[in-house]
Amino acid sequence: MSEGLHNGTVDEDGGVPFYVNRGGLPIDGPTWERMWGFVARTHPDGDNLVKSIRSAVELPRVPIPPVPALTSGSSIPERVEAVQKYIRELQYNHTGTQFFEIKKTRPLTGLMDLAKEMTKEALPIKCLEAVILGIYLTNSISGLERFPISFKTQFAGGCFRHIVLGLHWGGHFGAIGISRREDLMYKPLRYKTLNDLLADFQEAYAHCWHALRKIKIGPYVSHDPHSVEQIDWKHSVLDVQELGAEGLRRELERHSREMRLRIIKGPPSPPKERRRDVTPSPQRGQASPQRRERPERRPSGDKPVDPKSLPDLSSYQIRV
């Protein structure tokens, strides 16, 4: 699929290749024509449908869903459900082109600016866009922790990928997102453990004959929309087959425990404040506060990474 690569990169969603619109909005001519070509190739009516739409003098207006107003009078589960309802109303993007380019290495503040643009344009979205939008819309919900969950499955010799936004509140887990399949996106805040939540996703995949191979889970995402930290998309990489059911449960418990400890400890003090309050010594000067704040990510079964190999992040105050 080499056509149009100068305007977009080919990515994959559910095993189906698709393009990413890198030209921004409004959509440029080459990207627009490529989208119509995709419709002509994949829709049952093909060219006839394209001609009927493009030659129409007047087309019905598409309703724009309002951004949910998350009032403090509503419970957190109700506010989460309102966010999911909004994501669902934007609809899943079947055009073959993702409208918003999401670079996972961008700082959180840049991704939040992009999410704000999504609400203004109100275009159909894919699963990664739904995760960024979900983070943006839930930033104001104090006490609700959010973290990315990625899935890799196998079916008929092909690999398929999907991502949702995991949630944790009041000792219960859930998820929001978007998918072609109803049971692979929204999960209410009713699961007692992270293992219970992911077992539900695994069962949903089994219903469509997909074998779950890998799960990638990130730590809790900051509620600060101006944070310069990057989202850690794969803090824990879990091989489902290699671990087995019991091993997977233990790894998920470890991840949950680690995230709880991050909240209890809170972010470290800024380096300048520490230097004012404490006289440094050769012994104390060897410690790096970021080693406690950002433990190394590690795949299942691998040995921990040497802390000395971690990058120096002392110029940033990490806020979780």
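Residues numbered from 1 in each chain as written. Predicted model: local features only at pLDDT ≥ 70, side-chain atom pairs only at ≥ 80, totals over all residues. Heavy atoms only, no water.

An unreviewed UniProt entry annotates the chain as Vasohibin 1 originating from Engystomops pustulosus.

Counted by the stated rule, this structure contains six aromatic pairs. A ring pair is formed by Trp32 and Trp36, whose centres lie 5.9 Å apart and whose planes are at 90 degrees; its orientation type is edge-to-face. Of this pair, Trp32 and Trp36 both sit in helix H1 (residues 29-42), separated by four residues, roughly a single helical turn. Feature note: the residues Phe147, Phe173 and Tyr220 constitute an aromatic cluster, connected by ring pairs. (Phe/Tyr/Trp six-rings, centres within 6.5 Å; stacked < 30°, edge-to-face > 60°. Helix = DSSP H or I, 4+ residues; strand = E, 2+ residues; numbered from the N terminus.)

Glancing now at unusual backbone geometry. Geometrically, the link from Leu25 to Pro26 is a cis peptide bond, its omega value of 0 degrees lying close to zero. Note on placement: Pro26 falls in the loop between strand E2 (16-20) and H1. Look at Ala156: it is not a glycine, yet its phi comes out positive at around 50 degrees. Mapped onto the elements of the fold, Ala156 is located in the loop between strand E4 (145-155) and strand E5 (158-169). Even without being a glycine, Trp209 presents a positive backbone phi close to 65 degrees. Assignment of secondary structure puts Trp209 in the loop between helix H6 (194-207) and strand E8 (211-217). Trp209 gets classed as exposed once you look at its relative accessible area, which sits at 66%. (Buried < 20%, exposed > 50% of the residue type's maximum accessible area, 1.4 Å probe, protein only.)

Attention shifts here to the side chain of Asn21. Tracing the chain through its elements places Asn21 in the loop between E2 and H1. Overall, Asn21 belongs to the buried group, its relative accessible area being 2%. Of the polar contacts made by the side chain of Asn21, one reaches the backbone oxygen of Gly24; its length is 3.1 Å. (Polar contact = N/O pair within 3.5 Å; in protein donor to acceptor, adjacent residues only side chain to side chain.)

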